[in-house]
Each structure stands twice: as structure tokens, then as C-alpha cells.
Amino acid sequence: MSTPRLDALTIACLLLCASGSGCTQKPELQPLMEASLAKPPETMTVQIKKYQETKDRVFKHLFVSNFSVKIDQTKLEYSASRDGLTDLQKNGEGAPYGLSVGFVDSNSDGFSDLLMYLSGVSATNQLNLFCGSVLRNSSSNDAFTYSDSRLPGAPTQFLGLRDCEKTYLQLNPESFDNDKDGIPDYLELRAGLNPKNAGDADISIAGDPIPNIEKVKRNIPVDERGDSQPNQLFSYVYKTDFDATGARTFTISNIPVLNGGVDNFIAIYLTENEVATGQDYLFSAFVILKRNSAGGTLQFDFWGNSGSFTNQELIAP
Amino acid sequence: MINLRLTLPAMLLSSGLLLGACSKEHLQPLQRSSLSTLEYATVDARFCTSAPTVARQKIKYLFLLDKSDSNQPGFPTVSEDVSNTDSNGSRRYAPLVQFLRNLPADPAAASYFSMINFNDNGYYPKKKTFIQGFDPNEENFESVVVAEWVGVGTTISPQPLDRGYTNYVSALQLARNLIKADAQYEAGSIERPIVTSSYRIMFVSDGMPNVPAGRGASGIYTQDFTRDIEPVIAQTLALKNDPVLGSYISEISLGTAYYFTGAQAPEAVALLQQMADAGNGQFMKFGAGENVMYGALAPPIRSIRNQLVDAFAENMNTVWWDDGRLLLDRDGDGLPDEVEQRSGSDPSAEDSDGNGVSDYVEYRLTGKPCQDSACGRSARNNYSVCDGFKPSVEASERVTFPDTDGDGLNDCEEFLLKSDSKKFDSNDDFIPDFTALRNGLAFIPGTSGALAQPQGDGISSYLKLKLGLPTTMAASKVLDYQRRATALDRVTADAGKECYHLRIDPLAVLGADNRIRVTLIENARVISDKPVMRIAEKSFAREPLVTFSEGDFQ
């Protein structure tokens, strides 16, 4: 004869096994990372309010990036020139290319240090390159130009791709995203992706489920897994809220800053796609952070509503 | 009240079974594999990206310079014409001399030079040091440029006769003939291994291609891009695809430059831009006071960094078959043993009937691995359409075809499958062709779909490949199978290389001698978009850890 106790045991076991826990699941043991001692960085938050899609267009992507900071070998490194090369890189590997810390284009020839470094053109070979006055601008308006008050004489700095650089890269100067993969050409170069390859945005070099384009948004290296401890610490967090009118507020938090934030350069790229033509449009803006910005939140209204689309400097209130 | 009313023996039996099921040993997979039990390996690979290297090739510069009289003092004859764009040659010839002098030292004598002038027609310079096509001696060539510059460069009536026309087509035809003759000369040389030549044509002009109107007509005819110019450029670039000469040509590009004084002519800018686009080259324009920069047209020596684009780990001896089971495939041809046995082919031979087309490709093309039901030689399909792919035939009548791109599908198979035999990744999605074929993904040029989710399970086919899941069924239907996790960490960087530690775990294996393959795909960081593939293979020998190091990758 059966006893209720045995019945209960059976049911308990049945439940236990049916749930699957303890039977087949392997505990998710993560190996200790080399950089398990990475210190949480100082961060800040940017809020872009009152964004409304332009008529006949849909919102496509938002990229926010602190150009003054780059992750290198699981550490945050400072880039005084804000051009995608850290001061360490410029002093170290950058030597044969004649790169100087603090300058976007050390020899002022119109070809940026980043491009010379990536394409391996030595300082002497750079003499053969020439950027004419016609091609020194940016036809697609995807560059930031600003006068850098930290340098003697506050020269104009150019963060982006000049027409001659795009020509050199065999890209169409009129377009800010030549392979139409969603990532603007300049951000692709900075991230180590190829602006001529349409396939490299949605795959994951590191093989994890975070595609490259997401890593570009989070500002973590595309060739490292996103779940390593430093990369989790350094990942930007994007949040979108809608209000009753359909206007959006983008909140980008956990933006790592160095030196307490002072002189950190926050670049913002927002793209829209015109439904009828498939054409992409760019809205870009930048903020140069002031002293003690770390830990704070900066709020701006979307700059595109006032008619200025690109290279808009946002002044922290 | 709950009363299950089971008898004691039944109760004990059921509870015992269930309790037993809780321990791992008794949990049998649902016979994914009909032949052996699923085991798991861990792939641990350490490697660096390839060093930035400058490939050894001959660089052949061909300068096509406008020498019509619009450059000359005394021009224009018509008042609204732009006059005197380069009366003393300092905008065209001086920077060319400077370019030659600035060229980096070339101990391997890999740089060659040639020049064509054009006005009414294209013609070679009066002083011509190059006999067969191009001159390897930079100083000799410089003397040609200087002679052009100082001599006829400043005279008003140069020879041959210059009536002020600008014949683009004639100049381009001459360039085509020159390159063809040079490639034929290279093809006749006994230099081995073959050193390929990269031809860089630099076309410099200050105006539109106006020539005298043809027979019977009077006035001026302007050469049309589509009708007159593009065909010549296409013929020139097509030399690269010539069955014989193509092996000696790595690249032909046509860069163009427009120089002007005062206002630029929009139609000339548009035309030269079109020509550069058609010629795989760059277009540059130089306004008043700016000299033509040849260096800007031919980027100087560079060593482009390589980036890792993707890494795949595969077990070459397991196949997710069409019915959703993971099956053993001893010969690694992509057709599981079970299917091979059923259809009469040899599970231990990739190409059972020896016709040069593997069992799997034949199966995909025709529904059976061999035309002959017993896979005999006599009734096999000899695929005579592939005779042009240089098959080698052994005494036993076994045919093998070369695999130009090294992707595991030979040239004949790629022809039959309509993929590109010269690209390991025919559709540019970074998934090598054979990997795509084995996993039921598109690989024919122009097709895509790796990022789609055909099963609607939220996991793209690309990600399934990374997770080791079948692409042909929903992930939720794959039971008792451990998904892979890929962890890539950057280790160090030195001398233009990035080094990585890749760990993929767990990777399913069926048996002790499974070959584990790791495929690395690299691409140039900037400028060129030419992915390269490196492969390493190791056998799984019941040691759970399969390690790869830099030297294993070919």
C-alpha cells in the first residue's frame, strides 16, 4: 500500500527534476579575469531631450562617445588630441609616423594622425601626400571643427574625415556612411572597423552575442568580449523615454571620464533615415566638459530642432 | 486530497527512476547521434593578427600628361577660354620630378616608370629611355621628364603638331597598348616565382576632350564618356582578367587629376571624376597656384594594419543534418556517414567516385553523392564542363581540381555551385563558402541572409553558427545539447599586431579523431577591403582541451 509521505517525495522529486535545475544546467562559473581589479571609473550622464523625428524620416541610430577616453588593454587611457589615439600610443607605436600628443594632425598636412597610423604611412612617406585647399573640408559635414583653447594660438582642430582623406580611402566624400552599415565612417575608423565593408557592423568579431555596432555605441573594443569585467564597467548605457507628444528623451549614462571630466570631449551622432529615398541624414553635436563634471548629468534639448544639424557645440548650462 | 493510488512497486520504480534521472550519468541525450555519445571539447587558441607587410610586387607608374596648347603662353585663341594653365610646365613637370626624387629608396628595383603625352593625339616623349614599356631606372626617367619640361614644355609649337586639341581616347588607347605589351613581356620572362605588376596610370588634364569632328563634319567633337572613353578604360582594366596576362597583373588603376586657373569647368571635373571611378582610381583637382601632386594620386608605400574580423571554430567531422540530428562525418566532406552508407558512397572518402566533385557537393546538386549507385568509376559524372579548371588525373582515374581560394571547395565545385572560385567568402558576409554550405547558409555572390532569423527564434543564423546550433531548426527544439560560448580577449599588441586569446567551450565532438578547425578572418583596417583567411586544424584526442598557437595557423 502506498503512503502519502512517499507520494510527497515523489512529487517533490518530480518537481525538482522537471524544473531542470540541478540536473542538466551547468553552473555558470566565470573564470577570474586578469583585470578583475579594474576600478569603476568616474562617469557622467548626458540627456538629450525633446527629440522628434523629422517629417518623413525615422530615427536610425544614436552614438555618444567620449573622444578623450579610450579603452586600451582593459584600462581607460587619456587622449589629449581626442582623435582616437591615446597619448600612450602616440608616444609609443606612433613614433615612426611623427605623431605628437595633443594634435589631431601633427604635421598639418590635412591627413590626420589616426589615418596615418592605421594605414602605416611613415613620416617621410607622408611628404608624398597632399591635401589641396579644395579638399580640406568635409563635404558630408560629418566632422567636428572647433578651436582648441588648450593649444597655443587656439588652432582649429578637425575631428572627422576631410575630403582628401576620404579620397585617399577611396570613399565618396559626399557620404558620411559609405558602406551604409549604420556606423558613420569616422566612428568605424576609430573603432577599428572598415568603412568600406558593409558586413562588419552586425557581426561580432569577439563571437559574443553583442554585435560590433552595439559595442561602438557602448564604446568598448569590438575585438573583445563585452562581458569581461572591465568592459561591463566601461559600457555606456542608453535609455529612451517617450512623452505623450511622441518626443523622446535619450539618457546616456555611465560615460567614463578622466581627469574629473575637465576638457573631455563628448561627441554625439544621431542619424535618421528618409523612408521614401533610403537616404541617411546626420545630426552631430559635441560638448566639452568643464571642471567637476564627473558624477553629474548634463541636459540639452535636441539641437536639430533649431535648424543646426551638424557640428553643434552644446554648452553645459 | 491528493491520492495518486499507485502501487508500492510502481511508486518505488518511478521514484527510483526519477531520482536516478537526477544524477548526470543516467541522463542520456535523446540520441542526437546514432553512432556514438556526444562529448565536448574546449578550444583554446592564442594567435596574433598578421604583421603589416608590404607585398613584393612591381609598381609601374604611367603618367599621361596633357600637352595641348591651352597650357601655353599665347593661349587662348578664344577670349572666354581659360588661358595659360601651366605655361612653363611647373605645375605638371616640376612636381613629377619632385615626386620621383621623393620616392623612398627602392633597393629591390620594384618601381618602373613610363610616360605618354597627349594633345591632338597621344604620343611618347621625344627622349624615350624605356624600350619595352617601362623604365626601371628612376634617374633615366627623370631625365625624360626634365627634357619634356625644359624643351618642348615651353615652346609654342611642339612636335608633333599641336592644333590645340585634347584627345583623351588616343592617349588612353596608347596606355592600354603599352600595358598589354609590358604584361606580354613579363609573361615571357623566366623570373620565378612570378612577380606581379601593379599598374598605376595617372591621367592629368586641364580641359575637355575636344577633337576635330570626324570625316565630312566640321567643327569640334567632344569625346563622350560612355561612348568613347569608358570602353577604352574597361578594355585596359580587363587585361587583369586575361587568362594569360592576368597572372602577371595584380592591379590596374586609373587616377585622374584636373588642374585649372580661375574658374573650374564643371563638365571637365565631372568627366575626370567619372574616369577615376571607372578606373578604380582617385580624382583630385588643383586650383590656381597648386601643383599637381602625383603622390596624392599614388599613395606612397604603406603598411596597412590588419584587423581580426571573425573567428570560427568547427568540428569538421560533425554535421547538423537536414533532419535536425548531429551526425558523424568521418571524411569531413559534409555528408554524414549514415547518409553515405544509405546512398552507396564511401563514408571515409570525400569523393567516392573520384570525379573531382565531392560527395556532399554532388549530393547538394543532384540529390545523390554519385551518379553511379555504387559510386563506381565507370558511370560517374565526369563534369566535363570543368575541363578548363586544370584538373589533374591520377593513374587510378581519380580527378582533382585546384582550390584557388583555399576555402575547401575546389574551382569546379565553386563553378557548379555558382560561387566565386577566387574568393573564400563569395558573398562578403565573412562566413567562408564551405562553412556556409555545410550549414545551409547562402554564399553565392549577391545573396545574404546570415543575419536573418529564419526560425523566428530570435537567434540569427550567424549567431547559431557561433553557438554551434543548427541553422535549419529553432533553437528551442535542440535538446540535450550544450551551446558554445565564445570568449575573445585581447592579450597584447606589438609592432602593428594585435594578439588574442580565444576560448570556445563546449564544442560538440563525436568520437576521438574529430578534426577541430579554427578559421581566422582578417581584413585590412583601411583602404583595401580584401579579407584573408587563416586556418588551423587539430585532432580531438579525448583530451577535453584542444589548444592552438600562432604557428598552427596557415
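Residues numbered from 1 in each chain as written. Chains lettered and ligands numbered in written order. Predicted model: local features only at pLDDT ≥ 70, side-chain atom pairs only at ≥ 80, totals over all residues. Heavy atoms only, no water.

As for the overall build of chain B
Working step 1: What chain B contains, in helices and strands, is 12 helices and 19 strands.
Working step 2: Buried positions account for 53% of the 554 residues belonging to chain B.
Working step 3: The contacts in chain B between residues at least 6 apart in sequence include a share of 64% that link residues at least 24 apart.
Working step 4: Only carbon and sulfur atoms are counted for the fraction: they give 53% of the accessible area of chain B, which is about 24,100 Å². (Helix = DSSP H or I, 4+ residues; strand = E, 2+ residues; numbered from the N terminus. Buried < 20%, exposed > 50% of the residue type's maximum accessible area, 1.4 Å probe, protein only. Contact = heavy atoms within 4.5 Å. Areas by Shrake-Rupley, 256 points an atom, 1.4 Å probe, with all protein chains shown as cover.)

What to know about the pattern of salt bridges
Working step 1: Enumeration over the complete set of coordinates arrives at 35 salt bridges over all chains.
Working step 2: One salt bridge connects Asp 208 of chain A with Lys 215 of chain A, and the closest N-O pair in it is separated by 2.8 Å.
Working step 3: For Asp 208 of chain A, a relative accessible area of 6% translates into the label buried.
Working step 4: Among the ionic pairs, Glu 314 of chain B bridges to Arg 438 of chain B, the shortest N-O distance being 3.7 Å. Placement of Glu 314 of chain B in strand β10 (residues 306-315) and of Arg 438 of chain B in helix α11 (residues 433-438) is noted, with a sequence separation of 124 residues between them. A single burial state applies to Glu 314 of chain B and to Arg 438 of chain B, both of which are buried.
Working step 5: Put simply, Asp 223 and Glu 224 of chain A together with Arg 490 and Glu 498 of chain B are held in one network by salt bridges that share partners. (Salt bridge = Lys/Arg side-chain N within 4 Å of Asp/Glu carboxyl O.)

As for the environment of Ala 154 of chain A
All names here are of chain A.
Working step 1: Among the secondary structure elements, Ala 154 is positioned in the loop between β5 (144-147) and β6 (156-159).
Working step 2: Sequence spacing of Ala 154 and Cys 164 is 10 residues, and the spatial spacing of their C-alpha atoms is 24 Å.
Working step 3: Here Ala 154 is in contact with Ser 147, Asp 148 and Ser 149, once residues within four sequence places are set aside.

Some thoughts on the packing of aromatic side chains
All names here are of chain A.
Working step 1: Under the defined criterion, the tally for this structure stands at 35 aromatic pairs over all chains.
Working step 2: Each ring, one from Tyr 51 and one from Phe 250, has its centre 5.5 Å from the other, and the planes form 40°; the classification is tilted. Linking Tyr 51 in strand β1 (residues 42-51) with Phe 250 in strand β8 (residues 248-257), this pair joins segments that are 199 residues apart in sequence. Just as Tyr 51 is buried, Phe 250 falls in that class too.
Working step 3: Taken together, a centroid distance of 6.2 Å and an interplanar angle of 70° make the contact between Phe 67 and Phe 144 edge-to-face. Of this pair, Phe 67 sits in the loop between β2 (57-66) and β3 (69-72) while Phe 144 sits in strand β5, placing them 77 residues apart in sequence. An identical accessibility class is assigned to Phe 67 and Phe 144; each is buried.
Working step 4: In textbook terms, an aromatic cluster arises when at least three aromatic residues are bridged by ring pairs, as seen for Tyr 51, Phe 59, Phe 250, Phe 283, Phe 302, Trp 303 and Phe 309.
Working step 5: Just above the ring of Tyr 281 sits the side chain of Arg 57; from NZ or CZ to the centre is 3.6 Å.
Working step 6: The cationic tip of Arg 162 hangs over the ring face of Phe 158; the distance from NZ or CZ to the ring centre is 4.1 Å. (Phe/Tyr/Trp six-rings, centres within 6.5 Å; stacked < 30°, edge-to-face > 60°. Lys NZ or Arg CZ within 6 Å of the ring centre and 35° of its normal.)

What about the sheet that holds strand β17 (residues 515-524) of chain B?
Residues and elements named next belong to chain B.
Working step 1: Strands sit in the order β10-β17-β18 across an open sheet of three strands; the sheet is antiparallel. One side of each edge strand has no neighbouring strand; the edge strands of this open sheet are β10 and β18 (532-539). Here the strands of the sheet are splayed against their neighbours by 15° on average, with no regard to which way each runs.
Working step 2: With nine bridges joining them, β10 and β17 adopt antiparallel strand pairing. Counted as the bridge partner of Phe 312 is Thr 519 from β17. (Pairing = 2+ DSSP bridges. Axes fitted to C-alpha atoms, helices over the stretch in contact; angles between N-to-C directions.)

Here we look at the state of the cysteines
Residue and element names in this part refer to chain B.
Working step 1: Counted according to the given criterion, the structure contains three disulfides over all chains.
Working step 2: Between the sulfur atoms of Cys 48 and its disulfide mate Cys 499 the distance is 2.0 Å. Since a negative S-S torsion denotes a left-handed disulfide, the Cys 48-Cys 499 link at about 100° is right-handed. Note that Cys 48 is positioned in strand β1 (residues 39-48) and Cys 499 in strand β16 (residues 497-509), a separation of 451 residues in sequence.
Working step 3: Assessed through its relative accessible area of 8%, Cys 499 is described here as buried.
Working step 4: Each sulfur in the disulfide pair Cys 370 and Cys 375 lies 1.9 Å from the other. Torsion about the S-S bond of the Cys 370 and Cys 375 cystine: about 85°, corresponding to right-handed handedness. (Disulfide = S-S within 2.5 Å.)

Examining the side chain of Arg 57 of chain A
Residues and elements named next belong to chain A.
Working step 1: Considering the arrangement of structural elements, one finds Arg 57 in strand β2.
Working step 2: Polar contacts involving the side chain of Arg 57 include one to the side chain of Glu 272, which spans 3.2 Å.
Working step 3: What Arg 57 contacts, discounting residues up to four positions off in sequence, is Glu 272, Asn 273, Glu 274, Tyr 281 and Phe 283. (Polar contact = N/O pair within 3.5 Å; in protein donor to acceptor, adjacent residues only side chain to side chain.)

Concerning the sheet that holds strand β11 (residues 297-301) of chain A
What links the strands of a sheet is backbone hydrogen bonding, and the strands pair in either a parallel or an antiparallel sense.
Residues and elements named next belong to chain A.
Working step 1: Across the sheet, which stays open at both edges, the four strands sit in the order β7-β8-β1-β11 with mixed pairing between neighbours. If you trace the sheet from one side to the other, it starts and ends with β7 (237-242) and β11, each paired once. Going from strand to strand, the sheet's axes swing by 15° on average, the running direction of each strand aside.

Describing the environment of Ile 268 of chain A
All names here are of chain A.
Working step 1: Its location among the elements puts Ile 268 in strand β9 (residues 265-274).
Working step 2: Note on Ile 268: relative accessible area 0%, which makes it buried.
Working step 3: Along the chain, Ile 268 and Val 121 lie 147 residues apart, while their C-alpha atoms are 30 Å from each other.
Working step 4: What Ile 268 contacts, discounting residues up to four positions off in sequence, is Val 46, Ile 48, Leu 62, Phe 63, Val 64, Phe 144, Phe 283, Ser 284, Ala 285, Val 287, Trp 303 and Leu 314.

A word on the side chain of Glu 272 of chain A
All names here are of chain A.
Working step 1: Note on placement: Glu 272 falls in strand β9.
Working step 2: Exposure remark for Glu 272: the relative accessible area of 0% places this residue in the buried category.
Working step 3: A polar contact is formed between the side chain of Glu 272 and the side chain of Thr 54, at a distance of 2.7 Å.
Working step 4: In this structure, Glu 272 is in contact with Tyr 51, Gln 52, Glu 53, Thr 54, Arg 57, Val 58, Phe 59, Lys 60, Gln 279, Asp 280, Tyr 281 and Phe 283, ignoring residues within four places of it in sequence.

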